[in-house]
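# Examining the three-dimensional arrangement
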Amino acid sequence: MVAVLLQSGRVLVTGASSDGLGIGNVDIYDPANGWLLGPKLPDDRLGAVAAPLPGGRSLLAGGQPDFTGDTAGPGPLASALTYNSNTNTWVKAPNMSVARAYATATALADGRVLVVGGYGAQVLASSQFFNPSSSTWTTGPSLAHARFGHTAVALRGGRVLVVGGADALYPERLVSSAELFDPPTGRWTSAGDIAGARSHFTLTALADGRALLTGGLAADGSTALRSTLLYDPTKNSWSAGPDLISSRAAHAAAILTDGRLLVTGGADQLGRLASSELYDSAANSWSSTGALQTQRSNHVAIPLANGRILVIAGRGSGDPLASAELYDPSAKGFPAPARTPAGPGRWQLAASKPISADSHSDYAQLLPDGRVLVVAAQYDAWTTPFSRKPPPCNPCGIGAPSPPFLATRPLADGKVLLLTIDPQKVVAAKAEIVDLKTGQATPAASPGKIGWARLDLLPDGRVWLTALQQIDRHALIYDPKANRWTATSDVPGDLVASGSDMQSVTAIPGGRVLVGGSLKAMVFNPATGGWAEAGSYPNAATGSLRLGLPSWNGFSALRLPSGDVLLAGGTVLVGTESGGAPVYEATAQVMRWDHATGKLTPSQNMPMALYAYSSARLADGRVLVAGGSATVGYRTSADPVAASLIYSPTTGSWSPAAALPAARSAALAVTLADGRVLLVGGQGMFGPPASLLFTP
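This structure is a prediction, so every number in the text was calculated from the model and none was measured.

About the criteria used
Within each chain, residue numbers correspond to sequence positions counted from 1 in written order. A pLDDT threshold of at least 70 governs which residues receive local features in this predicted model, and a stricter bar of 80 or more applies before side-chain atom pairs are shown or counted, although totals over entire chains, interfaces and linings include all residues. Side-chain calculation: all heavy atoms of the structure are included, whereas hydrogens and water are not. A pair of strands is labelled paired if DSSP reports no fewer than 2 bridges between them. Under the DSSP-based scheme used, a helix requires at least four consecutive residues in state H or I and a strand at least two consecutive residues in state E, with every element numbered from the N terminus. Angular values range over 0 to 180 degrees, each being the angle between N-to-C directions of two axes fitted as lines to C-alpha atoms, with helices fitted over their stretch in contact. Partly exposed describes any residue whose relative accessible area lies between the buried limit of under 20% and the exposed limit of over 50%, with all areas from a 1.4 Å probe on protein chains only and scaled to the type maximum. Using protein atoms alone on a 1 Å grid, points that fit a 1.4 Å probe yet trap it form a cavity, whereas open point sets bounded by protein on both sides within 12 Å along at least five of seven lines form a pocket; residues with an atom within 4 Å of a point count as lining. Grid points are joined across faces, edges and corners, and a volume is the space filled by probe spheres set on the points. Any residue that is not Ala, Val, Leu, Ile, Met, Phe, Trp, Tyr, Cys, Pro, Asp, Glu, Lys or Arg is counted as polar, Gly included; the first ten are nonpolar and the last four charged. We call a set of buried residues a nonpolar core when its members are Ala, Val, Leu, Ile, Met, Phe, Trp, Tyr or Cys and they connect through side-chain atoms within 4.5 Å of each other. Note on contacts: a residue pair qualifies if any of its non-hydrogen atoms lie within 4.5 Å across the two residues.

## Some thoughts on the sheet that holds strand β41 (residues 454-457)
Pairing within the open sheet is antiparallel, and its four strands lie in the order β41-β42-β43-β44. Single-partner strands in this sheet number two, and they are β41 and β44 (484-488). The mean inter-strand angle of the sheet, taken between neighbouring strand axes irrespective of direction, is 25°.

Next comes the structure, spelled out in structure tokens:
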């Protein structure tokens, strides 16, 4: 998204459409009349640059078309357009000599625009000038260091400061150097180094001629920073500025008419921010000011002629935002609400984890010797004491056959059943039993040609194999003592009638398992192969059956000390979009299976809606729920949360626990022999988080 303040006082906004429906849309903010639709563009452009031109015009150049197909999309563009506010039209301008995306565009005092860096066929050091009077491009001097995704700002006096960025695409390699362009000489010179690469920071020209760099993400890609840096052009050097009140990255900054700097929103390890703060260069200090109404990051802040600041769009906790807000320096603001409630218990960092794992496809189990085994379904994610790679697949990829994959389940004796499966069912699955003490693998009986497998450990030590039930409802049971697979009864069709597969399998008294579907739950008896009804969910509406979609999924199911089973959280189907796409929302719904009656009954809902959270039973029988997501993202992945809850089986009530030190979702949770809970893997705000230990 790019936004430009025009000479007319209006703000021109364009960027990629989050829903794919408003391709090429342009929005114009008029302080007197609000938002208006501008003239459409032929496409959406990611990483385009824009800058104001004299006479109420604006330049839009480069970028990369937004593309969501199954093949490689088009590369960066060299094309450019100018917007004429008098006629409300786009006019084609000559192409740049080099296609580029994620460059910077800075308006110079003489009316020209300097476009710097970006990437095309490679990361670029080149620059170009756009002359609005002749509508022509000329080649400018090259940077000393090629970079893209950097930040540029025009200082008082007309020089242009360029900071940071990255100089390699895969993976990105951050740059800590800064460079200064002097228009009279037409030369770039070094502007020092910011003493530690960072990204997602803001760089703002101050009224006194200096520039202030605030916050951002550290080079580790996961630590949001409070630190700031001041650049003094008279000394051509950087010095430490006062720390922000709050760590923040991907925030926005804008100068007020009185010279103070407003910083809004952003994100840290706990989630998106609504808080804002002001920097006073005379006092060299920060102070809190009114909070945004909506937590957001990756937004734009534009100073208006009337002294207010317009904050536009950005990312919310679920999806990109279409909303905008106005900051009035003369109005009384309100502080941001508390982010996480306090509660008992303590979280602390655990040993670093050698693999990336998450609860969607992976598994963790406490072994008899007190160690925790973490197994991951991803191809190169196995760790000691044994490792495997599935056979190569050629051709494989988008639109091609799926590659072979690994399925595993720790057995009751601490050994592991490992299957290598061919989804095309051309080759029979290879089966092994791995001894975790020695690392030795013993060949085991094959279940045959299977295209997909879910493995669940039954109470009697056998393994239950089920497939994608919408394709194949047959099931097998593996007996490790006899090394034999035998057929058992099919998964009932009405259990998975909504078009979804089994959601949970939980051991219950009598050697049986409670199987949760999307509309109902049933009890399976492995000894007889029999199935018994356990009850339907309250939201199992007929509309779900008609749509062929699950009504309740993503919930957790955990056995309580009494033998009951707690089913909680997840997502529910609440309707469809105009095009027929399903609409889900997170739910706080809780049900409890009663071992005495064999039926489901509603229980007290969680204090907040959650899905993709981690759950574990504490030594005293209570249930810990940690992290997860509270909103559903339809266009992008929803943010994780840091909340933790405790469920008491005796009272059937929920209470807050100590919040996580960093938000995460889809982590694996295991109760250790000493009663603590290990949280491993999952997704954080900025990438895979460190392992944690919870002490009740």
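On we go.
## A few points about the pairing of strand β61 (residues 668-671)
What you see with β61 is a clean split: L668 and V670 sit on the buried side and A669 and T671 on the side with no burial. As defined by bridge partners, β61 adjoins strand β62 (residues 677-680) across four bridges and the pair is classed as antiparallel. For L668, the partnering residue across the bridge sits in β62 and is V680. Joining the antiparallel neighbours β61 and β62 is a turn of five residues, in which G675 adopts a positive phi near 95°.

## Some words on the sheet that holds strand β1 (residues 2-5)
The four strands are arranged β1-β2-β3-β4 in an open sheet whose pairing can be described as antiparallel. Single-partner strands in this sheet number two, and they are β1 and β4 (34-37). Each adjacent strand pair in this sheet contributes to an overall mean axis angle of 25°, direction not counted. Strand direction decides the pairing type here: β1 and strand β2 (residues 11-14), joined by four bridges, are antiparallel. From the neighbouring strand, V2 faces β2, where its bridge partner is T14.

## As for the layout of surface pockets
Vacant regions in the atomic arrangement are exposed by a probe of water-molecule size rolled over the atoms. There is about 550 Å³ of room inside the second largest pocket. Of all the elements in the fold, those that place two or more residues in the lining of the second largest pocket are β28 (271-272), β29 (276-280) and β30 (285-289). Here the residues of the lining of the second largest pocket sort into 16 nonpolar, ten polar and five charged.

## Observations concerning unusual backbone geometry
The backbone of Y102 sits at a positive phi, close to 55°, despite the residue not being glycine. Position of Y102 relative to the elements: it lies in the loop between β10 (89-93) and β11 (104-107). Of note, the phi angle at N298 is positive, near 55°, even though the residue is not glycine. Looking at the secondary structure, you find N298 in the loop between β30 and β31 (300-303).

## Observations regarding the nonpolar core
One finds W347, L618, L624, L660, V677, L679 and F694 to be the most contacted residues of the largest nonpolar core, which totals 18 residues. Elements with a minimum of two residues in this core: β57 (623-626), β62 and β64 (692-695). In this structure W347 touches L624, A626, S644, A658, A659, L660, P661, L679, L692, L693 and F694, once residues within four positions along its chain are discounted. Counting 17 residues, the second-largest nonpolar core is a separate cluster that includes F405, L419, A429 and I433.

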